[in-house]
Amino acid sequence: MDFKSLVLARQSDRSYLDQPIEKDKLASILECARMAPSACNAQPWHIIVVDNPEIKNKVADATSEKLLGMNHFTKQAPIHLVIIEEAANLTSNFGSWVKRKHFPLIDIGIVAEHICLAAASEGLGSCMIGWFDESKVKKILNIPSSKRVLLIITLGYAAKETRTKIRKPIDKIVSYNSYGEKSAD
Ligand SMILES: Cc1cc2nc3c(=O)[nH]c(=O)nc-3n(C[C@H](O)[C@H](O)[C@H](O)COP(=O)(O)O)c2cc1C
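Residues numbered from 1 in each chain as written. Predicted model: local features only at pLDDT ≥ 70, side-chain atom pairs only at ≥ 80, totals over all residues. Heavy atoms only, no water.

Participant: Please clarify how the overall build of the protein should be interpreted in this entry.
Facilitator: Helix and strand counts for the protein stand at seven helices and four strands. Ordered by position from the N terminus, the helices and strands of the protein form the series α-α-β-α-β-α-α-β-α-β-α. By its C-alpha atoms, the protein is 55 × 40 × 40 Å across when sized along the principal axes. Looking at the protein as a whole, 38% of its 185 residues qualify as buried. For the protein, the exposed surface amounts to about 11,600 Å²; the carbon and sulfur share of it is 55%. Distance from the positive charge centre (25 side chains) to the negative charge centre (21 side chains) of the protein: 6 Å. (Helix = DSSP H or I, 4+ residues; strand = E, 2+ residues; numbered from the N terminus. Buried < 20%, exposed > 50% of the residue type's maximum accessible area, 1.4 Å probe, protein only. Areas by Shrake-Rupley, 256 points an atom, 1.4 Å probe, with all protein chains shown as cover. Lys, Arg positive; Asp, Glu negative; His and termini not counted. Charge placed at Lys NZ, Arg CZ, Asp CG, Glu CD.)

Okay, here's the thing in structure tokens:
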């Protein structure tokens with residue numbers, strides 16, 4: 001698959017088949033995560049693979065919210081990857097402080113997309129989950145309370161077809177040489 005096709009194949013899958021994920025596919029996805037870039041190569045992440053069905057279902061419960069109807073699909077996914085922010089290195093921390101931007105948040109966004117694109121290239125579906133009960137997840141997985149759990153990614157064989165993407169038009173998100181400036185042609 002060329003890169004553009006891979007980008008189009010990746011989507012937030014919210015329905016999964018009752019089918020396990022092969023070990024080699026998971027290993028390949030995790031290796032792609034390991035290769036993700038990060039500010040000053042700090043790699044400020046730790047990924048917990050939750051593949052024990054009982055523990056995974058507890059994590060899934062911590063992502064769903066009855067009142068708002070959020071994330072009821074997560075239990076269907078056989079694997080949840082839980083991404084924890086780890087301490088960055090000195091140079092990244094210095095950069096974050098001087099430039100007033102928390103680089104680990106950007107780094108973790110990148111590692112998450114590496115995971116989702118790698119999953120798509122293995123024929124798997126994924127969904128990034130930002131809405132979950134963080135303290136419940138920490139308790140279930142014995143994560144120290146001082147740490148931040150930033151994202152959970154559900155992984156599994158998607159039960160639904162690829163959708164057409166709904167996105168802002170290109171001229172609303174790109175300008176040339178000056179903010180808001182359209183290209184001449
Ligand atoms: C940081 C982040 C958090 C997200 N959290 C959730 C979530 O809690 N539940 C969910 O169903 N989708 C979640 N999504 C998926 C987005 O809704 C989705 O990426 C967006 O609507 C675009 O659709 P697509 O991924 O299918 O292209 C999240 C995506 C990102 C990047």
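Participant: Got a minute to help me understand the site of the ligand in this structure?
Facilitator: Taken together, 15 residues lie around the ligand, and Ser12, Arg14, Asn71, Arg163 and Arg167 are the ones closest in. Between arginine 10 and the ligand, the recorded distance is 2.9 Å, taken from a side-chain N or O atom to an oxygen atom. Arginine 167 is positioned such that a nitrogen or oxygen atom in its side chain is 2.7 Å from an oxygen atom of the ligand. Here the shell around the ligand takes three residues from strand 3 (residues 125-129), the largest share from any one element. Residues that form the shell around the ligand fall into these classes: six nonpolar, four polar and five charged. (Near = heavy atom within 4 Å. Polar contact = N/O pair within 3.5 Å; in protein donor to acceptor, adjacent residues only side chain to side chain. Nonpolar A, V, L, I, M, F, W, Y, C, P; charged D, E, K, R; others polar.)

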